[in-house]
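Secondary and tertiary structure notes
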Amino acid sequence: MNIKLSSLQNIKPQLAIVFVSQGGAQKKKVNGATSLAGPASFQDRLSALAEDKFFEGKSSEAYCVRDANLDGFRHVLFVGLGDEKKITLESLRRGAATAYKTAKAHKAASVGLLLPNSWPKGLDAPDAVAAITEGAGLAAYTFDTLKSKKTDGKDEKKDEKKQEFWLLTAGKGNKSLENAVEQANILVESINFARWLGDMPGNKMTPAILADEAAKAAKGTGIKVQVWDKARIKKEGMGGLLGVSLGSAEEPRFIIMEYNGAAASKKPVCFVGKGLTFDSGGISIKPSANMEEMKYDMCGGAAVIGTILALARTKAKVNVLALIASTENMPGPHANKPGDVLTARNGKTIEVNNTDAEGRVILADALSYASEQKPAAIIDAATLTGAMVVALGDLHTGYFTRDKKLNEKIQDAAETAGEWVWPMPLVDEHVDDMKGVYADWNNISPNKGAGSAHGAAFLEQFVDKDIPWAHFDIAGTAWHTGHRIPYNPKKGASGCVIRTFVELAKTF
Ligand code: BES
Ligand code: ZN
Ligand code: ZN
């Protein structure tokens, strides 16, 4: 769904949405519910509702006055943002998600959110409008590619097409707002595309299909795409990626995407993603409960694809390289066995003592290749460890870096993007734990605990020491996060870290 900006002079929606704060100009009135936009008649109705405690403007509260017929608006939907002094861009994202979902349930022909003339303190108008576009656009994502539904489905689609979502300014719009909406729409589309890649099941999103979809999405964006097949992966010395793929009937792929929005002399930022299209665990097979979730094991790869698409389509002035190592991890007759030794692209040898710790083995090759390109920084994203889910849950993405400057950039980027990240420890002792007995490195640690740090310590061995590097373990945040974040799906891929990565890329 594309969210469009216009002026109230041009469009009079059937359903008008207004944000409401608690406090502010109306604070002397009962409960202080203050309408942030719209004619005076809206505030009168709102004050009456607040007096009766039907609606007070608390965050995530919504109240639709059907047939309100106020100033020519047939229906009016009030959406609460909470305490006026605590309104942030995230409040707007969440408010817009509530607005979108409630409006959809009310099936109005045209929907318009009335933008305030002035925003709560500290909020810049273009940022606010971008946040609203993000919240509504992300909330609009649904996955119905694989539903056969006949008439019902078609009707739903028709309704969706009919329903327009406008952001309406009281006066004339301006270029900076239009630009903000356009850029935010592209970001939303890139995130929703990454979610779609994640939500597709393993049989319909194999490594070959993932590569095709990435190439298809890149068409016309200026991104150059190269895809290596199994023979090329072997020839290039990617023994880790090849080794993990051996248990599967599906061929692996190594996807290279390049976008140059800055001078050729400028080093690129390199994003690397784990694209495990299905992780059964291999011979060290996983328990059956929830194993279907392992179709999401390519969400790091999808995040990296979404990031480069967003940057290229918004014509960001950066050079970016996105690398995705993609394979299945299956227990077929040629599968790795515990104890097998593989040789990564940089010549280091790996004892595969647990075939379920496969993400780090395929990333070893991708990080080696990334290092050869001598980028300004390497940032990887991977659903790497169950331990990360235990440590941080599904709100914060844990990341590891030993580079102070990069750490600051990550903190700033996540803050600007409105995502939650948390720094995790990586020290030499974690590296010692990963030393091999029969080969250079062991893919698991003999010491219990700190499983995510051990994964990071292993990955570090494949990154050139002079290149700033960060590893994002998105195992906890990549899916099923909508129970706390209203613009994310309750079930399904979240599209996490793309917003942060887009901001991060712009700092180089
Ligand atoms: N893809 C999994 C990690 C994972 C687990 C992601 C749960 C999301 C939810 C990864 O390949 C894996 O299986 N890691 C093992 C590593 C262990 C064997 C050292 C794990 O976390 O159990
Ligand atoms: Zn695994
Ligand atoms: Zn995995």
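This text follows the structure it describes.
Residues numbered from 1 in each chain as written. Chains lettered and ligands numbered in written order. Predicted model: local features only at pLDDT ≥ 70, side-chain atom pairs only at ≥ 80, totals over all residues. Heavy atoms only, no water.

**A short note on the site of ligand 1**
Around ligand 1 there are 16 residues in total, and Asp279, Lys286, Asp356, Glu358 and Gly386 lie nearest to it. In this structure, an oxygen atom belonging to ligand 1 sits 2.8 Å away from a side-chain N or O atom of glutamate 358. Within the backbone of threonine 383, a nitrogen or oxygen atom sits 3.3 Å from a nitrogen atom of ligand 1. Coverage of ligand 1 by the protein chains reaches 77% of its 510 Å² of free accessible surface. Taken together, the residues of the shell around ligand 1 break down into five nonpolar, four polar and seven charged. (Near = heavy atom within 4 Å. Polar contact = N/O pair within 3.5 Å; in protein donor to acceptor, adjacent residues only side chain to side chain. Areas by Shrake-Rupley, 256 points an atom, 1.4 Å probe, with all protein chains shown as cover. Nonpolar A, V, L, I, M, F, W, Y, C, P; charged D, E, K, R; others polar.)

**Points about helix H5 (residues 175-199)**
The terminal C-alpha atoms of H5, which comprises 25 residues, lie 36 Å apart, in line with the 36 Å expected from a rise of 1.5 Å per residue. Of all 25 residues in H5, 18 are buried; the element is thus mostly enclosed. (Helix = DSSP H or I, 4+ residues; strand = E, 2+ residues; numbered from the N terminus. Expected span 1.5 Å × (residues − 1). Buried < 20%, exposed > 50% of the residue type's maximum accessible area, 1.4 Å probe, protein only.)

**A look at the nonpolar core**
The biggest cluster of nonpolar side chains holds 99 residues, and the ones touching the most others in it are Leu92, Leu167, Met257, Ile379 and Phe472. Ranked by the residues each element gives to this core, the list is headed by helix H9 (residues 299-313), at ten residues. Sequence-distant contacts of isoleucine 379, defined by excluding residues within four places in its chain, comprise Val269, Cys270, Phe271, Val272, Leu406, Ala470, Phe472, Phe501 and Leu504. (Core = buried A, V, L, I, M, F, W, Y, C linked by side-chain atoms within 4.5 Å. Contact = heavy atoms within 4.5 Å.)

**Focus on the pairing of strand E11 (residues 319-329)**
In terms of burial, E11 is a largely internal element, eleven of the eleven residues being buried. The two faces of E11 match: Asn319, Leu321, Leu323, Ala325, Thr327 and Asn329 on one face and Val320, Ala322, Ile324, Ser326 and Glu328 on the other face are all buried. Note: strand E9 (residues 253-260) against E11, eight bridges, orientation antiparallel. Looking at E11, one finds that asparagine 260 is bridged to asparagine 319. Examined bridge by bridge, strand E10 (residues 269-279) and E11 share ten bridges and lie parallel to one another. Paired with valine 269 across the bridge in E11 is valine 320. For the crossover that starts at E10, traverses H9 and ends in the parallel E11, the hand is right-handed. (Pairing = 2+ DSSP bridges. Right-handed = clockwise from strand over helix to strand, strands pointing away.)

**Looking at the packing of helix H10 (residues 359-372) against helix H14 (residues 451-460)**
Interaxial distance between H10 and H14 falls to 9 Å at its minimum, and their mutual angle equals 35°. For H10 against H14, the interelement crossing comes out right-handed. Here Arg360, Val361, Leu363, Ala364 and Leu367 of H10 lie close against H14, whose contacting residues are Gly451, His454, Gly455, Phe458 and Leu459. Taken together, the residues of the contact of H10 with H14 sort by class into six nonpolar, three polar and one charged. (Axes fitted to C-alpha atoms, helices over the stretch in contact; angles between N-to-C directions. Left-handed = near helix turned anticlockwise from the far one by under 90°.)

**Topic: the packing of aromatic side chains**
Enumeration over the complete set of coordinates arrives at 15 aromatic pairs. Measuring from ring centre to ring centre gives 6.2 Å for phenylalanine 54 and tyrosine 63, while their planes differ by 5°; the resulting arrangement is stacked. Tyrosine 63 gets classed as partly exposed once you look at its relative accessible area, which sits at 27%. Ring centres of tryptophan 228 and phenylalanine 254 lie 5.3 Å apart, and the angle between their planes is 45°; this geometry places the pair in the tilted category. Taken as a pair, tryptophan 228 in strand E8 (residues 224-228) and phenylalanine 254 in strand E9 lie far apart in primary sequence, 26 residues in all. (Phe/Tyr/Trp six-rings, centres within 6.5 Å; stacked < 30°, edge-to-face > 60°.)

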